[in-house]
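Below, each chain spelled out in residue letters.
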Amino acid sequence: MSDHGAEGQPETRQKTTSGGGKKKNKANTDGVHPVSTEENAPKTDKVAKKPSNKKGAKAPAPTEATVSSSSSAANSAASSAASTQQAAVVKPVEPPKADQRLQFCLTSRAGVCQYWALPSELGQAIENSRVPAERAVYTTGGEGLVLMDKTQIVYRNSETCAAVHVLPHPNISKFYISPKASFALTWEHLQPTNAPNMHVITLATGSPVTSFVKKNFPPEQWPLIKWVNGEEICGLSLYDGLQFYAGNFQGGVLNKLSQTGITAWCFSPQYNTSPLCVPFATFVPESKGVPALVSIYKFPFTSNEASSKKSFFKADDCELIWSPDGKALLCRSSTQLDPTGKSYYGQNGLHIMFPNDGSRNATIGLKKEGPIHHASWNPVQPLFCVIYGFMPATITVYRLNGFKYSPVAEFGPAARNAVYWSPDGKVLCLAGFGNLQGEIDFWDTKTFERIGSTVAHCTTSLVWSPDSRYVACATLVPRMRVDNGVKIFTPKGDMIFKLAVPELSDFAWRPYNSLYDIPWNGPISPQPVPTPIPQAVAPSVEKYVPPSASGRGATLHKPGQDETVSVRIFNKPPATTSNTTTTTATTITPAKREPSPPPGYSAYVPKPPRAKPAKAANKTKGKKATTKPKKTKPTKTTNTQPEDE
């Protein structure tokens, strides 16, 4: 089995027919065909070809148009045609069973392609539709798929692939969909006429709602208009603050926050709807000796006084991470440069804030020096995970209880820099991407025992499936331009699906929808045991090691040598014991492997140290020992004779 399939074709097992020994693709043997839509409808001129004169060649299957145009001829020869061959009519793909259906979307140079994904059986990923488009975005509810290119926006039903609305809209540079898929926000480069270049449109009808004039802005500040999850209100970013409107922009400006220099802000995911009270956070970076400031406000507000705020230095940028229940906010600050020169990535800090009590805001102290690679909340439980320190990094999982946080488990040191929680919050995925080897570990969040591990080289994007049963690792452009494609793994580490797609730019699962997906925490019907795809292992090329250095010196890190990562679990003591926290450390250390000698050389065995002879009292060297008399200095004598007169 080859490592890479053809463009846009999944890697499947091959079956051999009993007659001619020809190989057939499994997806074709199931009688599945792409959906016949306006975008990918087959052309009649390609179908109506003359049959080949070669012996044994079959006539091409007529399409519906061919059958309807020659109905009289078909009726006259119905009996004979039915006995010889059957007319293959292009039919829509029947959706899989409700307990198995998953869908993902690929965007590449060839266009946008939707797949019915059934990774429980090897190779059962059925191509649903393929259309020429440059970008594709699923709606938050998963019921729609929005396609974009340089000329238009197409809103399609993700289940039937039928176009709901086509909106001609050229020169789109950025695109965003509101949480409930009611509105779409587009932006294009400003024209010399200063005409409005940022538009809000209704997805259902394509009718324009409002427009703004907005010049260039930093990419990290997109979208410039953000809605709350219920779309009751929305906020527009301005240079001197934020401006709030109703979700449908009816009634004009509702409120305005005056705060100059806001570079990041976001709404809380949870809020009160009756009466409406929506917390939101803003960040103003450090400037001219003034510390950076993170403030939490509550809409509606009558003054610019924040309900909770925290200031700190060494913060040029800040990532605002709300907890799923909206009761806490993590602030991961960073600087562009490190004055000490210890880190190429600048300096980092981690702070926690509470919208209801600003006196509880604090800075989270980390015991290892170095950058903070990633921080993420568990989507269900009050847990958050932080990866920090120079490589190999340390990973700590904290539990938030009210206004107090305490460590629950600690992993490492390990070469990991990314955290991915499963949608149901039951599995923690720790990965090492970028300049690391691509090692991935899966841990149970209840017992913190390892479920499985694998290696996905050159991965740039990892996405959990909405049912929390699979993980997709994609290699995307422009980060990587070789080995582009997607691989699907189980939490046990088995690769069950592989698809090579040249210049793959985006991968996305269809979000969960109660109308056609299984519930996250609901029962799952028995599925066939997935058959793992053996991953190709490159032949090991031994590097020449001189005999004097064999068996000594450090070896490079190779995936699989340290397959185990140590974990420490922090347990709370019983009520009768003291208040000190006990630590249960479970450390698994891999067996030490000595480097193998190069071909043609035997293993190096160090010789025992040579014993030095004892020093003799007198080293005669074969000569008799003689004692030399000591030389005495002559003494001066005085002349006692009288001098001549």
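Description of the structure in this document.

About the thresholds
- Residues numbered from 1 in each chain as written.
- Predicted model: local features only at pLDDT ≥ 70, side-chain atom pairs only at ≥ 80, totals over all residues.
- Heavy atoms only, no water.
- Pairing = 2+ DSSP bridges.
- Helix = DSSP H or I, 4+ residues; strand = E, 2+ residues; numbered from the N terminus.
- Core = buried A, V, L, I, M, F, W, Y, C linked by side-chain atoms within 4.5 Å.
- Buried < 20%, exposed > 50% of the residue type's maximum accessible area, 1.4 Å probe, protein only.
- Contact = heavy atoms within 4.5 Å.
- Phe/Tyr/Trp six-rings, centres within 6.5 Å; stacked < 30°, edge-to-face > 60°.
- Axes fitted to C-alpha atoms, helices over the stretch in contact; angles between N-to-C directions.
- Salt bridge = Lys/Arg side-chain N within 4 Å of Asp/Glu carboxyl O.

### Details of the sheet that holds strand S23 (residues 317-322)
So, step 1. With antiparallel pairing, the 4 strands of this open sheet are ordered in space as S23-S24-S25-S26. Among the strands making up the open sheet, the edge pair consists of S23 and strand S26 (362-363).
So, step 2. Pairing analysis gives 6 bridges linking strand S24 (residues 329-334) to strand S25 (residues 348-353), with the strands arranged antiparallel. From the neighbouring strand, Ser334 faces S25, where its bridge partner is Asn348.

### Notes on the nonpolar core
So, step 1. Among the nonpolar cores identified, the biggest contains 19 residues, and Val397, Phe411, Leu428 and Leu430 are the most heavily contacted of them.
So, step 2. Those elements giving two or more residues to this core turn out to be strand S28 (383-388), strand S29 (393-401), strand S30 (404-414), strand S31 (418-421), strand S32 (427-431) and strand S40 (567-571).
So, step 3. Per element, the largest residue contribution to this core is 4 residues, and it comes from S30.
So, step 4. If near-sequence neighbours (up to four positions away) are discounted, Val397 is found in contact with Leu383, Phe384, Cys385, Ser406, Pro407, Val408, Ala409, Phe411, Trp421, Leu428 and Phe448.

### Quick look at the packing of aromatic side chains
So, step 1. Enumeration according to the criterion identifies 32 aromatic pairs in this entry.
So, step 2. Note on Tyr245 and Phe249: the rings are 5.3 Å apart at their centroids and 40° apart in plane angle, and the pair reads as tilted.
So, step 3. Here Tyr245 falls in the buried class, since its relative accessible area comes to 9%.
So, step 4. A residue is classified by how much of its surface remains accessible, and Phe249, at 13% relative accessible area, is buried.
So, step 5. Consider the rings of Phe354 and Phe403, whose centres lie 5.1 Å apart with planes at 80°: the pair is edge-to-face. Of this pair, Phe354 sits in the loop between S25 and S26 while Phe403 sits in the loop between S29 and S30, placing them 49 residues apart in sequence.
So, step 6. Taking relative accessible area as the criterion, Phe354 reaches 1% and is therefore assigned buried.
So, step 7. On the basis of relative accessible area, Phe403 is assigned to the partly exposed category, the value being 36%.

### Topic: the sheet that holds strand S36 (residues 471-475)
So, step 1. Here 4 strands make up an open sheet; going across it, the order is S35-S36-S37-S38 and the pairing antiparallel. Both outer strands of the open sheet, strand S35 (461-464) and strand S38 (495-500), are each paired with one neighbouring strand and no more. Between one strand axis and the next, the sheet turns through 15° on average, direction left out of account.
So, step 2. Inspection of the sheet shows S35 paired to S36 by 4 bridges, in the antiparallel sense. Note on S36: the bridge partner recorded for Val463 is Ala472.

### Brief notes about the pattern of salt bridges
So, step 1. Within the structure shown, the criterion is met by 11 salt bridges.
So, step 2. Where Asp240 meets Lys256, a salt bridge forms, and the shortest distance between an N and an O atom there is 3.5 Å. With Asp240 in the loop between strand S15 (233-238) and strand S16 (241-246) and Lys256 in strand S17 (residues 253-258), the pair connects residues that are 16 residues apart, well separated along the chain.
So, step 3. Each of the salt bridges in this network shares a partner with another, and the network as a whole consists of Arg416, Glu439, Asp441 and Arg450.

### Here's the deal with the pairing of S29
So, step 1. Extensive coverage of S29 is indicated by the burial of 7 of its 9 residues.
So, step 2. The sheet contact formed by S28 and S29 spans 6 bridges and is antiparallel. Across the sheet, Cys385 pairs through a bridge with Val397, a residue of S29.
So, step 3. Counting the residues between successive antiparallel strands, the hairpin from S28 to S29 contains 4 residues, one of them, Gly389, with a positive phi of roughly 95°.
So, step 4. The sheet contact formed by S29 and S30 spans 8 bridges and is antiparallel. The residue bridging Ile395 from the neighbouring strand is Phe411, located in S30.
So, step 5. From the end of S29 to the start of S30, which pair antiparallel, there are 2 residues, and Gly402 there has a positive phi angle of about 70°.

### A few points about unusual backbone geometry
So, step 1. Between Trp222 and Pro223 the backbone carries a cis peptide bond, its omega angle lying at 0°.
So, step 2. With respect to the helices and strands, the residue Pro223 is situated in the loop between strand S13 (208-212) and strand S14 (225-227).
So, step 3. Note that the residue after Met391, namely Pro392, is joined by a cis bond; omega there is 0°.
So, step 4. Here Pro392 shows up in the loop between S28 and S29.
So, step 5. One non-glycine residue, Asn171, adopts positive backbone phi at about 60°.
So, step 6. Structurally, the position occupied by Asn171 is in the loop between strand S9 (163-168) and strand S10 (174-177).
So, step 7. Backbone geometry at Phe448 places phi at a positive 55°, although glycine is not the residue there.
So, step 8. Structurally, Phe448 can be placed in the loop between strand S33 (439-444) and strand S34 (450-455).
So, step 9. Given the relative accessible area of 6%, Phe448 is considered buried.

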